[in-house]
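Topology and contacts: notes
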Amino acid sequence: EKMNSTMSEEPDALSVVNQLRDLAADPLNRRAIVQDQGCLPGLILFLDHPSPPVVHSALLALRYLAECRANRDKMKSELGMMLSLQNVIQKTTTPGETKLLASEVYDILQSSNMSDMDNVNEMNYRRRKAQFFLGSTNKRAKTVVLHIDGLDDSSRRNLCEEALLKIKGVISFTFQMAVQRCVVRIRSDLKAEALATAIASTKVMKAQQVVKSESGEEMLVPFQDTPVEVEQNTDLPEYLPEDESPSKEQDKAVSRVGSHPEGAGSWLSTAANFLSRSFYW
C-alpha cells in the first residue's frame, strides 16, 4: 500500500501509534492487538516517547484496548505497563489532559481483578492520589455523553475523532457506534458546547447531549446554536489536508482487520517490526 508521499519510507512513530489507535477503536480488533507479541510492548515504549502527541495517542489506544474486559489482566501484567503509566502521571512535563487519561487507564487496569467493593475503594484512593500528582490547578474531569446524528460509519468516526482531538481540554473519548454515541471525558473547565461546535464543523454530523432526568430517564438536549470559541490544541500534530487524508485507506484496513483476524496479524507484525527497530534513538 502506498504511503503518503510526504512521508519517508520508514513510517514515523506518530503515524504508527495513530494507526494502532485507529485499529484499537474498533471493538473487533481489541483482542487480536493484545494477543499480538509486539503491539503491547510497543505501546508501552511509546509511553516514554519524548513527543507529547505520541504519548497521548498511545494512551488513547490503551484506553480502547482496556475497554475489552478480557484484555485487562494481560495488559496489567505486561512488563512495564503500570510503571510507565505511573511515570506519565508523575512527570511534571506531562500535559494535564494526558495525565488524566493515564490515570484513567491506570484505574481501569488496577481494578481489573478486584471485587466490586474493593474496586470502589481502590478507585477513590487512586483518584485522590492522581489528583495529588495533578496538583490543584487541574480540576476534576467530567464526562459528557453525546448523541451524534450522522455517526454511522468508520470514516465519520475518524472525522469526529479529528474534530475532538483538536480541542484543548479533551482527555479521551469512546465511541458506541451502534447507538451513535460518543462518551467524552473533558477537563471540568471546558464547556460541553465546545464539543458540539467541533462536531458541527464536520458539516455532516450534529451532536446533542444525553442527560438523565430526575427519574433516571435519558433525554436528548440540543446545544445552543451559538458557536463557542474553541481553543485549539497547539501541541497536537496538524492533520493532513482532506485530499491526503489516510482515512479512506484506514477504512479498508479496519474492515479487513475486523473481519479477518489474520489480516490484523500482517498489519500488526509490520507495526511490531517497526516498534522493535525504532526504540534506540
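Shown above is the structure to which this text applies.
Source: prediction; values computed, not measured. (Residues numbered from 1 in each chain as written. Predicted model: local features only at pLDDT ≥ 70, side-chain atom pairs only at ≥ 80, totals over all residues. Heavy atoms only, no water.)

Moving on to the pairing of strand E1 (residues 141-149). Of the strand pairs in this sheet, E1 and strand E3 (residues 181-187) are connected by seven bridges, and their pairing is antiparallel. Directly across from Thr143, in E3, lies its bridge partner Arg185. Inspection of the sheet shows E1 paired to strand E4 (residues 206-212) by four bridges, in the antiparallel sense. For Ile148, the partnering residue across the bridge sits in E4 and is Ala207. (Pairing = 2+ DSSP bridges. Helix = DSSP H or I, 4+ residues; strand = E, 2+ residues; numbered from the N terminus.)

Moving on, we get to unusual backbone geometry. Despite not being glycine, Gln180 has its phi angle at roughly 55°, a positive value. The exposure class of Gln180 is partly exposed, given its relative accessible area of 23%. Of note, the phi angle at Lys203 is positive, near 70°, even though the residue is not glycine. Among the secondary structure elements, Lys203 is positioned in the loop between helix H10 (193-200) and E4. (Buried < 20%, exposed > 50% of the residue type's maximum accessible area, 1.4 Å probe, protein only.)

Either a parallel or an antiparallel arrangement is found when strands of a sheet pair, and the pairing is made through backbone hydrogen bonds. Across the sheet, five strands lie side by side as E2-E3-E1-E4-E5; this open sheet has antiparallel pairing. Looking along the sheet, the strands with just one partner apiece sit at the ends: strand E2 (170-176) and strand E5 (218-222). Here the strands of the sheet are splayed against their neighbours by 35° on average, with no regard to which way each runs. With respect to the sheet, helix H9 (residues 154-165) is in contact with E1, E2 and E3, its orientation differing from that of E2 by roughly 165°. Across the sheet, H10 is in contact with E1, E2, E3 and E4; its angle to E1 comes to roughly 35°. (Axes fitted to C-alpha atoms, helices over the stretch in contact; angles between N-to-C directions. Contact = heavy atoms within 4.5 Å.)

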